[in-house]
Amino acid sequence: MKKIAFVLYTNQLLSISYLGGLPTTKPLEIALHQALDQYDITFDWETALKNKSVDAIIVPKPFPPILNETTIP
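Just so we're clear, the structure is a prediction, and the values are computed from it rather than from any experiment.

**A closer look at the environment of Asp-55**
Okay, step 1: Relative to the assigned elements, Asp-55 resides in the loop between helix H2 (45–51) and strand E5 (56–58).
Okay, step 2: With a relative accessible area of 38%, Asp-55 lands in the partly exposed category.
Okay, step 3: Separated by 53 residues in sequence, Asp-55 and Lys-2 have C-alpha atoms that sit 6.1 Å apart.

**A short note on the side chain of Thr-42**
Okay, step 1: Tracing the backbone shows Thr-42 in strand E4 (residues 40–42).
Okay, step 2: In this structure Thr-42 touches Lys-3, Ile-4, Ala-5, Phe-6 and Ala-48, once residues within four positions along its chain are discounted.

**Describing the nonpolar core**
Okay, step 1: Within the largest apolar cluster, eight residues are counted, these being Ala-5, Val-7, Tyr-9, Trp-45, Ala-48, Leu-49, Val-54 and Ile-57.
Okay, step 2: At three residues, H2 tops the list of elements feeding residues into this core.

**Brief notes about the sheet that holds strand E1 (residues 3–6)**
Hydrogen bonds between backbone atoms are what pair the strands of a sheet, whose relative direction is either parallel or antiparallel.
Okay, step 1: What the three strands build is an open sheet, ordered E4-E1-E5; its pairing is parallel. Because the sheet does not close on itself, it has two edges, and the strands there are E4 and E5. Here the average twist between neighbouring strands, direction ignored, is 25 degrees.
Okay, step 2: Bridge count for E1 against E4 is three bridges, and the pairing is parallel. Bridging from a neighbouring strand, Lys-3 pairs with Asp-40 of E4.

**Overview of the environment of Ala-48**
Okay, step 1: Mapped onto the elements, Ala-48 comes out in helix H2.
Okay, step 2: Residue classification places Ala-48 among the buried residues on the basis of a relative accessible area of 4%.
Okay, step 3: For Ala-48 and Ala-5, which are 43 residues apart along the polypeptide, the C-alpha to C-alpha distance reads 7.2 Å.
Okay, step 4: Setting aside chain neighbours within four positions, we find Ala-48 in contact with Thr-42, Ser-53 and Val-54.

**Re unusual backbone geometry**
Comment: phi is negative for the bulk of residues other than glycine, and the bulk of peptide bonds are trans.
Okay, step 1: One non-glycine residue, Lys-52, adopts positive backbone phi at about 55 degrees.
Okay, step 2: Inspection of the secondary structure puts Lys-52 in the loop between H2 and E5.
Okay, step 3: Accessibility expressed as a relative area gives 63% for Lys-52, which makes it exposed.

**With respect to the pairing of E1**
Okay, step 1: As defined by bridge partners, E1 adjoins E5 across three bridges and the pair is classed as parallel. Among the inter-strand pairings, Phe-6 is bridged to a residue of E5, identified as Ile-58.

Rules used throughout
Residues numbered from 1 in each chain as written. Predicted model: local features only at pLDDT ≥ 70, side-chain atom pairs only at ≥ 80, totals over all residues. Heavy atoms only, no water. Helix = DSSP H or I, 4+ residues; strand = E, 2+ residues; numbered from the N terminus. Buried < 20%, exposed > 50% of the residue type's maximum accessible area, 1.4 Å probe, protein only. Contact = heavy atoms within 4.5 Å. Core = buried A, V, L, I, M, F, W, Y, C linked by side-chain atoms within 4.5 Å. Pairing = 2+ DSSP bridges. Axes fitted to C-alpha atoms, helices over the stretch in contact; angles between N-to-C directions.

See below:
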């Protein structure tokens with residue numbers, strides 16, 4: 001089963017806040033799990049990238065804080 005990591009974040013005026021694991025994102029996480037039930041989905045993208053245990057990473061818009069050093073699609 002392919003593993004996909006989602007990066008949930010919000011742009012603020014001077015910074016970026018990550019939303020993964022917050023109670024307010026739970027409905028979104030549940031909806032993504034239901035819609036993409038044929039994939040193993042994680043929202044802990046930092047650990048997945050560090051362990052190289054992810055096949056794809058989903059970032060809503062490319063932005064500088066994420067370095068895709070291993071060229072994961």
